[in-house]
Amino acid sequence: MTAIETQALSKRYGDLVAVDGLDLSVEEGEVFGLLGPNGSGKTTTILMLLGLTEPTSGRVRVLGYDPVREPLSVKRRVGYLPDTVGFYDELSGRENLRYTAALCGLRGRSVETRIEEALASMGLTDAADRPVRTYSRGMKQRLGLADVLLKEPQLVILDEPTLGLDPQAAHEFLGLIRSLGDRGLTVLLSSHLLHQVQAVTDRVGLFRKGRMALVGSVPELARQVLGGAYRVHLEAEGEDLESALAGLPGVRRVRRDGARYLLEAERDLRDDAARTVVQRGGRLLRLDLEEPDLDEVYRAYFEEVPHGDAA
Ligand SMILES: Nc1ncnc2c1ncn2[C@@H]1O[C@H](COP(=O)(O)OP(=O)(O)OP(=O)(O)O)[C@@H](O)[C@H]1O
């Protein structure tokens, strides 16, 4: 099933078009990254998905429900972590989760088990009975995720979840997000931190001025924007290697600098490249694969197209 589907979704604030004819489709079980410069419409899109702001036009479905007409059905199934989560500072982590559970109408002894499990899965068991005011920002974010998981959502939406976290805390938090995807949950994550998004998402969508400029996995985007998604660096001595390497299936372009070759390719063809060198009686000195990098895709895309407004 498609977890999120929008068609020609738009939101205007007076003359300003915050989201402009957005077509977005996120499959169930997918971890999807919404990327874009500040003000490109990510938060507005999320608010429309949650039924917290009404679209000006277009269609939106979340887990098959219309967030405008059926906000409660959406709310019950979707966990939302805003960029800053509000907790009762004087209450402990566990007490805050109990409060959420009561608000969600969760009752019975199984609630305590659920709370315990949510705390444990976020690495907060030891801190569970300390007041939240003593928590670091990273711990508060993890408590936020525990809070979201308590109601056992099918879809989790996170808006800039690593904002203000130090690199170590951000890394840990991203690992937790990935683990949600591995558990089969659908995750929508907004961010402008490309490396982080690349590490945990299955696909990304690049936003620009309220429109989805590019959508795909990082290798797909790299193929569209950079030409070759995979870059193989090879150093070898031998005759006529350049044309032999250029003839390998999947090779888009070969650049040569003396004994060094850069192969821009559609797949990881290190095996074939090594074999080619050896078959030609050459000597292989170095062979490395450079993984496609979202940062590079993003920069190339916003540089190539003269947008002027890219952050
Ligand atoms: N309530 C509002 N009233 C008027 N304009 C708004 C409102 N909310 C957002 N906007 C404008 O809509 C545009 C898109 O904003 P939005 O917050 O969705 O972008 P974003 O991609 O989430 O940016 P950021 O990364 O800064 O959060 C911006 O120009 C913003 O100023």
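In this text, all values refer to a predicted model and were calculated from it rather than measured experimentally.

Can you walk me through the sheet that holds strand β12 (residues 260–265) in this structure?
Where strands meet in a sheet, backbone hydrogen bonds hold them as pairs that are either parallel or antiparallel. Ordered by their spatial adjacency, four strands build an open sheet running β11-β12-β10-β13, and the pairing between neighbours is antiparallel. Where the open sheet ends on each side, the last strands, each with one partner, are β11 (251–257) and β13 (283–290). Adjacent strand axes in the sheet meet at a mean angle of 20° when their direction is disregarded. Sheet topology places strand β10 (residues 230–237) next to β13; seven bridges connect them, and they run antiparallel.

Sorry, what's going on with the confidence of the model for the protein chain here?
Interpreting fine coordinate detail is not advised for predicted regions of low pLDDT. Predicted confidence across the protein chain gives a mean pLDDT of 89, with 96% of residues reaching 70 or more. In this model residues 307–311 is a low-confidence stretch, pLDDT under 50, and it forms 10 contacts with partners more than four residues away in sequence or in other chains.

Please explain the domain arrangement of the protein chain as it appears in this structure.
Many structure descriptions define interface size as the accessible area lost when the parts assemble. When its domains are assigned, the protein chain resolves into domain 1 (2–222) and domain 2 (230–291). For domain 1 and domain 2, the distance between their C-alpha centroids amounts to 43 Å.

In this structure, what is going on with the site of the ligand? I would like to understand it.
For the ligand, the full set of nearby residues is Y13, L16, A18, P37, N38, G39, S40, G41, K42, T43 and T44. In the environment of the ligand, an oxygen atom lies 2.9 Å from a nitrogen or oxygen atom belonging to the backbone of K42. With respect to the ligand, the side chain of T43 contributes an N or O atom lying 2.7 Å from an oxygen atom. When the ligand sits alone it has 630 Å² of accessible area, and the protein chains cover 58% of it. At the level of secondary structure, the elements contributing two or more residues to the shell around the ligand comprise β2 (16–27) and α1 (42–49). For the shell around the ligand, the residue count by class is four nonpolar, six polar and one charged.

What's the story with the packing of helix α4 (residues 109–121) against helix α5 (residues 137–150) in this structure? I'm lost.
Two measures define how a pair of helices packs: the angle their axes make with one another and the distance between the axes. Running from amino to carboxyl end, α4 crosses α5 at an angle of 140°, the nearest separation of the two axes being 9 Å. When the axes of α4 and α5 are compared, the pair comes out oblique. Where α4 crosses over α5, the two elements pack in a sense that is right-handed. Seen from α4, the contacting residues are R114, I115, A118, L119 and S121; seen from α5, they are L143, A146, L149 and L150. Counted by class, the contact of α4 with α5 contains seven nonpolar, one polar and one charged residues.

In this structure, what is going on with the layout of surface pockets? I would like to understand it.
Computed from the structure, the largest pocket encloses a volume of approximately 790 Å³. Around the largest pocket, the lining comprises 25 residues; the ones closest to its centre are K75, T100, C104, D147 and K151. Listed by contribution, the elements that provide at least two residues to the lining of the largest pocket are α2 (71–77), β5 (78–81), α3 (93–103) and α5. In the lining of the largest pocket, the residues fall into 15 nonpolar, six polar and four charged. Residue lining of the second largest pocket: R114, E117, A118, S121, L149, L150, E152, P153, R183 and L185, and that is the complete set. It is α4 that provides the largest number of residues to the lining of the second largest pocket, a total of four residues. Of the residues contributing to the lining of the second largest pocket, the split by class is five nonpolar, one polar and four charged.

Any chance you could explain the pattern of salt bridges here in plain terms?
Pairing is possible between side chains of opposite charge, provided their charged atoms come close. Under the defined criterion, the tally for this structure stands at 22 salt bridges. Here R253 ties to E264 by a salt bridge, and the two come within 3.3 Å at their closest N and O atoms. Of this pair, R253 sits in strand β11 while E264 sits in strand β12, placing them 11 residues apart in sequence. For R253, a relative accessible area of 42% corresponds to the partly exposed category. Each of the salt bridges in this network shares a partner with another, and the network as a whole consists of R231, R253, R255, E264 and E290.

Would you mind going over α1 with me for this structure?
Because the α-helix completes a turn every 3.6 residues, residues three or four places apart line up on one side. Burial analysis of α1 places six of its eight residues in the buried class, which makes it a mostly covered element. Buried within α1 we find K42, T44, T45, I46, M48 and L49. G51 lies just past α1 and shows a positive phi near 75°.

The rules we used
- Residues numbered from 1 in each chain as written.
- Predicted model: local features only at pLDDT ≥ 70, side-chain atom pairs only at ≥ 80, totals over all residues.
- Heavy atoms only, no water.
- Pairing = 2+ DSSP bridges.
- Helix = DSSP H or I, 4+ residues; strand = E, 2+ residues; numbered from the N terminus.
- Axes fitted to C-alpha atoms, helices over the stretch in contact; angles between N-to-C directions.
- pLDDT = per-residue confidence, 0-100.
- Contact = heavy atoms within 4.5 Å.
- Domains from an automatic or database assignment.
- Near = heavy atom within 4 Å.
- Polar contact = N/O pair within 3.5 Å; in protein donor to acceptor, adjacent residues only side chain to side chain.
- Areas by Shrake-Rupley, 256 points an atom, 1.4 Å probe, with all protein chains shown as cover.
- Nonpolar A, V, L, I, M, F, W, Y, C, P; charged D, E, K, R; others polar.
- Parallel < 35°, antiparallel > 145°, perpendicular 65-115°, else oblique.
- Left-handed = near helix turned anticlockwise from the far one by under 90°.
- 1 Å grid on protein atoms, 1.4 Å probe; cavity = no way out; pocket = protein on both sides within 12 Å on 5 of 7 lines; lining within 4 Å.
- Points joined across faces, edges and corners; volume = space filled by probe spheres on them.
- Salt bridge = Lys/Arg side-chain N within 4 Å of Asp/Glu carboxyl O.
- Buried < 20%, exposed > 50% of the residue type's maximum accessible area, 1.4 Å probe, protein only.

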